[in-house]
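Geometric and topological summary
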Amino acid sequence: MDKKVLFLLAEGFEEMEAVIPADLCIRSGIEVVTAGIGGIDITGAHGLSLIADCEIEDVEDEEFDAVVIPGGLPGAENVAECAEAVEIIRTHAEAGKVIAAICAAPSFVLGQKTDILSGRKATCYPGCEGRFSRDVKYTGTKVEQDGNVITGKGPGAAPEFGAAVIRALLGADNAAKVMADTLFAE
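Turning to the overall build of the chain, a few remarks are in order. Counting its regular elements, the chain contains six helices and eleven strands. Since a compact globule built from 186 residues should have a radius of gyration of about 16 Å, the 15 Å found for the chain is in line with a globular shape. Its C-alpha atoms give the chain principal-axis dimensions of roughly 35 × 35 × 35 Å. A sequence separation of at least 24 residues applies to 64% of the contacts in the chain between residues at least 6 apart. A total of about 8100 Å² of accessible surface is found on the chain, and carbon and sulfur atoms cover 48% of it.

Going residue by residue along strand E11 (residues 149-152), you find Val149 and Thr151 tucked away on one face and Ile150 and Gly152 tucked away on the opposite face as well. Relative to E11, strand E10 (residues 143-146) runs antiparallel, the two being bridged by four bridges. Across the sheet, residue Glu144 finds its bridge partner in E11, namely Thr151. Count of turn residues in the E10/E11 antiparallel hairpin: two residues, of which Gly147 carries a positive phi of about 65°.

Structurally, the position occupied by Glu55 is in strand E5 (residues 54-55). Discounting chain neighbours no more than four positions away, the residues touching Glu55 are Ala35, Gly36, Gly39 and Ile40.

The next subject is the pairing of strand E1 (residues 4-10). Most of E1 sits inside the fold, with six of its seven residues counted as buried. Where E1 lies against strand E2 (residues 31-37), seven bridges are found, and the strand directions are parallel. Bridging across to E2, Lys4 finds its partner in Glu31. Between E1 and its parallel partner E2, the chain crosses via helix H1 (residues 15-27), and the hand of that crossover is right-handed.

On to the sheet that holds strand E6 (residues 66-69), then. Paired through backbone hydrogen bonds, the strands of a sheet run either parallel or antiparallel to each other. Spatially, seven strands are ordered E5-E2-E1-E6-E7-E11-E10 in an open sheet, and the strand pairing comes out mixed. With one partner strand each, in any of the chains shown, E5 and E10 form the two edges of the open sheet. Of the strands in this sheet, E1, E2, E6 and strand E7 (98-102) touch helix H3 (residues 83-94), which is tilted by about 140° from E6. With respect to the sheet, helix H4 (residues 105-113) is in contact with E6, E7 and E11, its orientation differing from that of E7 by roughly 135°.

This part is about the packing of aromatic side chains. The full count for this structure, using the stated rule, is one aromatic pair. Here Phe132 and Tyr138 contribute two aromatic rings whose centre-to-centre distance is 6.4 Å and whose plane-to-plane angle is 45°, an arrangement assigned as tilted. Accessibility expressed as a relative area gives 9% for Phe132, which makes it buried.

Thresholds applied
- Within every chain, residues take consecutive numbers counted from 1 along the sequence as written.
- The predicted nature of this model means local features are confined to residues of pLDDT at least 70 and side-chain atom pairs, given and counted, to a pLDDT of 80 or more, with totals for whole chains, interfaces and linings taken over all residues.
- Excluded from the side-chain calculations are hydrogens and water; all other atoms, namely the structure's heavy atoms, are used.
- Only DSSP runs of H or I covering at least 4 residues are called helices, and only runs of E covering at least 2 are called strands; the numbering of each starts at the N terminus.
- For a compact globule the rule gives 2.2 Å times the number of residues to the power 0.38, and the radius of gyration it is set against comes from C-alpha atoms.
- Any two residues whose heavy atoms approach within 4.5 Å are treated as being in contact.
- Only the protein chains shown count as cover for residues, and all accessible areas are computed by the Shrake-Rupley method using a 1.4 Å probe.
- Summary of the burial criterion: residues with accessible area below 20% of their type's maximum are buried, those above 50% are exposed, and those between are partly exposed, where the area comes from a 1.4 Å probe applied to protein chains only.
- What makes two strands pair is DSSP finding at least two bridges between them.
- When the strands point away from the viewer and the path from the first strand over the helix to the second turns clockwise, the crossover is right-handed.
- Lines fitted to C-alpha atoms define the axes, with helix axes restricted to the stretch in contact, and inter-axis angles between N-to-C directions lie between 0 and 180 degrees.
- Two rings belonging to Phe, Tyr or Trp (six-membered ring only in the last case) form a pair when the distance between their centres is within 6.5 Å. Interplanar angles under 30 degrees mark stacking, angles over 60 mark edge-to-face geometry, and anything in between is tilted.

Any functional reading would require information beyond the geometric quantities listed.
Right, here's the structure in full:
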């Protein structure tokens, strides 16, 4: 079965957290769709500009197997302030789809704008965990998966975070193969 993942890109996103997981997903055969918040020409936190496949308004009624939210500041804040993005995340979470957020996004987006992390284990960029509600079990690990929710610590966890998305959608063997093929794991 073909899998399709939506990456939400907003001004100030962390480039490594978008590009590495998206690239790994593509290499594993997953279709990646990037949606820009506030247009399609989106500039990351460190100046790298990407052209999104479409604007967020163009994907409101589409269904994806996973929604990925890169972190970075002010990228995570910009996603959190986008009503369309928050609604897409909520709708997919309620449908049991994979929701994956890394760096500042678990706290700024999932922790403050949705109840998705309530009662779950999660990780995020050090210092952002204070934005979690009291019932989120902060682990501080590189990558944490609790049910259909995957969270990542930060840029250095981008390969493992991408592999976790692949594992959730295509299984451990597919994730291990793409990690070995790209020399992230040998």
